[in-house]
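Examining the three-dimensional arrangement
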Amino acid sequence: MNDKTYMERNLKIKLWFEMWLKKENKGIENIFSESANYIESWGPQYSNLSEIIYWFNEWNKRGTVEKWDILEITHNKNKTFVEWKFLCKMNDGEIQKFEGVSIIKWNNFNKIIYLKEFGCNEDTYNPYKEKRENKKYNWF
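First things first, this report covers the structure right here in the doc. Bear in mind that the values here come from a model prediction, so they are computed numbers and not experimental data.

A few words now on the overall build of the chain. Within the chain, the regular secondary structure consists of two helices and six strands. In the chain, the succession of helices and strands from N to C terminus is α-β-β-α-β-β-β-β. For the chain, the share of sequence-separated contacts (at least 6 apart) that also reach a separation of at least 24 residues comes to 44%. A total of about 8900 Å² of accessible surface is found on the chain, and carbon and sulfur atoms cover 49% of it.

Okay, structure coming up:
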């Protein structure tokens, strides 16, 4: 892959994150292929572009992404790995906060054909040094 391809992919990834922060579709169809498959870290799966767009619009009526920081982007041929931190507030008051990694696969037109997220609890601890019996932890 050449630097131009990696730059284009970086821009598309950053735009995708920015869309969530601004609650604004700025061209999802330019980022994902028609047959893209998107899997969220806790299980929901969207099987094509129209489902991804519907989910984006519907979700943004129920909550707000407050933070989605990209920590690192690593490219390897037709795959990209993105490490990130995420925070959202739902309209019912629930706050979700975790770290994650996305595995992205690209087609020859630099559109995403597959994206799978993996989540990790941000509140880590050493169970051999700390007792935390009364603390609730999210499990994906």
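Looking now at unusual backbone geometry. Positioned with a positive phi, K23 is a non-glycine residue whose angle comes to about 60°. Counting through the fold element by element, K23 comes out in the loop between α1 (3–22) and β1 (32–39). A relative accessible area of 36% means that K23 is categorised as partly exposed. For N110, which is not glycine, the phi dihedral falls at a positive 60°.

Along a regular strand, successive side chains alternate from one face of the sheet to the other. As paired strands, β1 and strand β6 (residues 112–121) are joined by four bridges and run parallel to one another. Each residue of the ladder has a partner; that of I39, found in β6, is K116. Between the end of β1 and the start of strand β2 (residues 45–46), which pair antiparallel, lie five residues, with G43 showing a positive phi angle near 125°.

So, on to helix α2 (residues 49–62). Its 14 residues place the ends of α2 20 Å apart at the C-alpha level, agreeing with the 20 Å of an ideal helix rising 1.5 Å per residue. Regarding α2, the residues found buried are L49, I52, W55, F56, W59 and N60. Summarising the axial view, the buried residues of α2 lie within an arc of 120°, below the 170-degree limit, and thus occupy one face. Across α2 from its buried face, at more than 90 degrees, point the exposed residues S50, Y54 and K61.

What counts and what doesn't
Residues numbered from 1 in each chain as written. Predicted model: local features only at pLDDT ≥ 70, side-chain atom pairs only at ≥ 80, totals over all residues. Heavy atoms only, no water. Helix = DSSP H or I, 4+ residues; strand = E, 2+ residues; numbered from the N terminus. Contact = heavy atoms within 4.5 Å. Areas by Shrake-Rupley, 256 points an atom, 1.4 Å probe, with all protein chains shown as cover. Buried < 20%, exposed > 50% of the residue type's maximum accessible area, 1.4 Å probe, protein only. Pairing = 2+ DSSP bridges. Expected span 1.5 Å × (residues − 1). Arc of directions from axis to C-beta.

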